[in-house]
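# Residue-level structural notes
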Amino acid sequence: MKVSAIITLKKDVLDPQGKVIHQALDGMGFENISEVRQGKYFEIDVNENDPSKAKAIVEDMCKKLLANLVIENFKIIETQ
Amino acid sequence: MKSSVITFPGSNCDRDMDVALKKFGFTNKMVWHDDNELPKSDLVVLPGGFSYGDYLRCGSMASKSKIMQSVINFAKSGGLVMGICNGFQILVETGLVPGVLLRNKYLEFICKNVFVKLDNKENTYFKNLNKDVLEFHIAHNEGNYFCTKDQLKEIKDNNQIAIYYCNSEGKIEDQYNPNGSIKNIAGIFNKEKNVLGMMPHPERMIDESLSGEDGSLFFKNLLNNIK
């Protein structure tokens, strides 16, 4: 089954890319934005039919490689 | 004295490091990332470059490569491991040194000479050096050192900060911080001080006519300290 993971920067970590994107959006006329934070999205097809087992495998992946827990948080979503 | 330089796919300062180590008397071996065993070494160097094209996060893929398990074991048994630039990024990803390296504050790739102030000379890398301020070269996009408040307190308490960005007189101020690193940190040790990660490249400062001499001082002194 397919499992997705969203990796985001923790709140107190500076995100210069997000800031620049925010400025660009501002310049394009999207004025009602208070903040933009950039992250990563993974879609992983796991050979496992049990949703909770599949999620546990992806959680392990996030902890060991996909996210750096010093600066990033992750959220796992079952997509299929 | 024997040294090993690890080459990852995308490393590009590995041969410069080889030249520098040999120039000052090390017998150096190049070691491929896919090897299992480190040759017998007094010093292991993770060189600069763009290992695995900086995919995912700089250094993250390299930190999981085959040879790294032996490098981690070597470091944990007290062996000297030095990571320069991308090598520093690999070290933080292995967890051998605390913190992470974020994108430079102003989103620019920075390539220039900088001055660094030594903070701690009670270690094999800087012991007996007769200078406190050295001129090295930096070339990086992700050199903005960051760690949590708790980690910062811990590395301060354990004297793990190796070098700070400063001016030629050794003044550590915000205006001499090229990349936004927390507290101007340019390099740090592990708790035991046998592992050193730093963004500046000493191997680019080993020729008086081409660059500068402070890298020569560093390598000569390092060899004498290991002997």
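Residues numbered from 1 in each chain as written. Chains lettered and ligands numbered in written order. Predicted model: local features only at pLDDT ≥ 70, side-chain atom pairs only at ≥ 80, totals over all residues.

Secondary structure summary: chain A contains 2 helices and 3 strands in total. Reading chain A from its N end, one meets helices and strands in the order β-α-β-α-β. Its C-alpha atoms give chain A a radius of gyration of 16 Å, more than 25% over the compact-globule value 12 Å for 80 residues. Principal-axis analysis of the C-alpha atoms places the extent of chain A at approximately 45 × 25 × 15 Å. Burial analysis of chain A (80 residues in total) assigns 11% to the buried set. Long-range contacts, defined as pairs at least 24 residues apart, comprise 66% of the intrachain contacts of chain A with a sequence gap of at least 6. (Helix = DSSP H or I, 4+ residues; strand = E, 2+ residues; numbered from the N terminus. Rg over C-alpha atoms; globule rule 2.2 N^0.38 Å. Buried ≥ 20, exposed ≤ 12 C-beta atoms within 10 Å, placed from the backbone. Contact = placed C-beta atoms within 7 Å.)

Secondary structure assignment for chain B yields 5 helices and 11 strands. Against the compact-globule benchmark of 17 Å for 227 residues, chain B has a radius of gyration of 16 Å, which places it among compact chains. Taken over the C-alpha atoms alone, chain B extends approximately 45 × 35 × 35 Å along its principal axes. Within chain B, buried positions represent 51% of all 227 residues.

Right, let's talk about unusual backbone geometry for a bit. Trans is the common state for peptide bonds, and a negative phi is the common state for residues other than glycine. Residue and element names in this part refer to chain B. A positive phi angle, close to 50°, is found at tyrosine 52, a residue other than glycine. The class for tyrosine 52 is buried, based on 22 C-beta atoms found within 10 Å. Unusually for a residue other than glycine, asparagine 128 sits at a positive phi of about 70°. With respect to the element layout, asparagine 128 can be found in the loop between β6 (110-118) and β7 (133-140). Its 10 C-beta neighbours within 10 Å are what place asparagine 128 among the exposed residues.

This brings us to the sheet that holds strand β1 (residues 2-9) of chain A. Residues and elements named next belong to chain A. Pairing is antiparallel across the open sheet formed by 3 strands, whose spatial order is β2-β1-β3. Each end of this open sheet is capped by a strand with a single partner; those strands are β2 (40-45) and β3 (72-78). Averaged over all pairs of adjacent strands, the angle between their axes in this sheet comes to 20°, without regard to strand direction. Across 7 bridges, the pairing between β1 and β3 is antiparallel. By the bridge assignment, isoleucine 6 is partnered in β3 with lysine 75. (Pairing = 2+ DSSP bridges. Axes fitted to C-alpha atoms, helices over the stretch in contact; angles between N-to-C directions.)

So, about the interface of chain A and chain B. Counting residues at the interface gives 9 residues for chain A and 12 residues for chain B. With 3 residues, the single largest contributor to the side of chain A that touches chain B is helix α1 (residues 16-27) of chain A. Across the side of chain A that touches chain B, the residue classes break down as 7 nonpolar, 2 polar and no charged. (Nonpolar A, V, L, I, M, F, W, Y, C, P; charged D, E, K, R; others polar.)

Moving on: the sheet that holds strand β2 (residues 27-32) of chain B. All names here are of chain B. The 9 strands are arranged β2-β1-β3-β4-β11-β10-β9-β6-β7 in an open sheet whose pairing can be described as mixed. Every other strand in the sheet has two partners, leaving β2 and β7 as the edge strands with one partner each. Looking at each pair of strands side by side, their axes are set apart by 25° on average, direction ignored. Pairing of β6 with β7 involves 8 bridges; the strand directions are antiparallel.

Turning our attention to the environment of Val133(B). All names here are of chain B. Topologically, valine 133 is positioned in strand β7. In this structure, the C-alpha to C-alpha distance between valine 133 and serine 168, residues 35 residues apart in sequence, is 7.0 Å. Residues in contact with valine 133, not counting those within four places in the same chain, are Phe115, Lys117, Cys166, Ser168 and Gly170.

In this model, helix α2 (residues 51-66) of chain A (16 residues) spans only 20 Å end to end at C-alpha, well below the 22 Å of a helix rising 1.5 Å per residue. Considering only its buried residues, α2(A) is in contact with β1, β2 and β3 of chain A. (Expected span 1.5 Å × (residues − 1).)

Our next topic: the environment of Gly25(B). Residue and element names in this part refer to chain B. Inspection of the secondary structure puts glycine 25 in the loop between α1 (14-23) and β2. Spatially, the C-alpha atoms of glycine 25 and isoleucine 90 are 26 Å apart, while their sequence positions differ by 65 residues. Apart from residues lying up to four places away in sequence, glycine 25 is in contact with Met1 and Leu223.

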